[in-house]
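Structure at a glance
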Amino acid sequence: MTESPESLADPEIALQAFAQLRAAGPVSGAEAPFLLDVREPWEFQTASLPDSLLMPMGEVTSRAHAELDPDAHIVVLCHHGQRSLSVAMWLRAQGFERAQSLAGGIDGWSRVIDPSVPRY
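In this report, we go over the structure that sits alongside the text. Being a predicted model, the structure only gives us computed values, none of them experimental.

We now examine a negative patch on the surface. On the surface, Glu 31, Asp 69, Asp 71 and Glu 97 cluster together into a negatively charged patch. With respect to the element layout, Glu 97 can be found in the loop between helix 5 (82–93) and strand 5 (99–102). Residue classification places Glu 97 among the exposed residues on the basis of a relative accessible area of 60%.

Below you can see the structure in the form of structure tokens.
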């Protein structure tokens, strides 16, 4: 499964689309999207997704250019999707053209995709 240019034009990615990309990566040999969690450390400790990088929203401007690949498909995650959308839009303005926010955040992920992820 490859990502289409149209899908990357949207600053948000749907829960189901992201789940499919994560699942298809190991099977298809495609690179899975990089997962950037912009919540606070206590939120990350409460509920997180494997292989995600914690970079609280307040640290993104000082860390992004040093720690993130501007060519990577970056999916930004927060609790409900507002902070992550803000960060994804900022990243796009900084040249991270493939940055997207996970619509619904980790709460949506828990409700729709994986109920084993704790809700808070």
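For the rest of this paragraph, the subject is the packing of helix 4 (residues 60–67) against helix 5. Two elements in contact, helix 4 and helix 5, have axes separated by 12 Å at closest approach and are oriented at 55°. Classified by the angle between their axes, helix 4 and helix 5 sit oblique to one another. Judged by the twist between their axes, the crossing of helix 4 over helix 5 is right-handed. Contact residues: Val 60, Thr 61, Ala 64 and His 65 in helix 4; Val 87, Trp 90 and Leu 91 in helix 5. Its residues placed into classes, the contact of helix 4 with helix 5 shows five nonpolar, two polar and no charged.

Positionally, Ser 110 belongs in helix 6 (residues 105–113). Beyond its immediate chain neighbours, meaning those up to four positions away, Ser 110 contacts Pro 115, Val 117, Pro 118 and Arg 119.

The next subject is the pairing of strand 4 (residues 74–77). Of the two faces of strand 4, the one lined by Ile 74 and Val 76 and the one lined by Val 75 and Leu 77 are each fully buried. In this sheet, strand 4 lies alongside strand 2 (residues 34–37) in parallel orientation, the contact comprising four bridges. Bridging from a neighbouring strand, Leu 35 pairs with Val 75 of strand 4. The pairing of strand 4 with strand 5 spans three bridges and is classified as parallel. Considered in strand 5, the bridge of Val 76 is made with Ser 101.

The rules behind these values
- Residues numbered from 1 in each chain as written.
- Predicted model: local features only at pLDDT ≥ 70, side-chain atom pairs only at ≥ 80, totals over all residues.
- Heavy atoms only, no water.
- Patch = residues over 30% accessible without salt bridge, like charges linked within 9 Å, V, L, I, M, F, W, Y side chains within 5 Å.
- Areas by Shrake-Rupley, 256 points an atom, 1.4 Å probe, with all protein chains shown as cover.
- Salt bridge = Lys/Arg side-chain N within 4 Å of Asp/Glu carboxyl O.
- Lys, Arg positive; Asp, Glu negative; His and termini not counted.
- Charge placed at Lys NZ, Arg CZ, Asp CG, Glu CD.
- Helix = DSSP H or I, 4+ residues; strand = E, 2+ residues; numbered from the N terminus.
- Buried < 20%, exposed > 50% of the residue type's maximum accessible area, 1.4 Å probe, protein only.
- Axes fitted to C-alpha atoms, helices over the stretch in contact; angles between N-to-C directions.
- Parallel < 35°, antiparallel > 145°, perpendicular 65-115°, else oblique.
- Left-handed = near helix turned anticlockwise from the far one by under 90°.
- Contact = heavy atoms within 4.5 Å.
- Nonpolar A, V, L, I, M, F, W, Y, C, P; charged D, E, K, R; others polar.
- Pairing = 2+ DSSP bridges.

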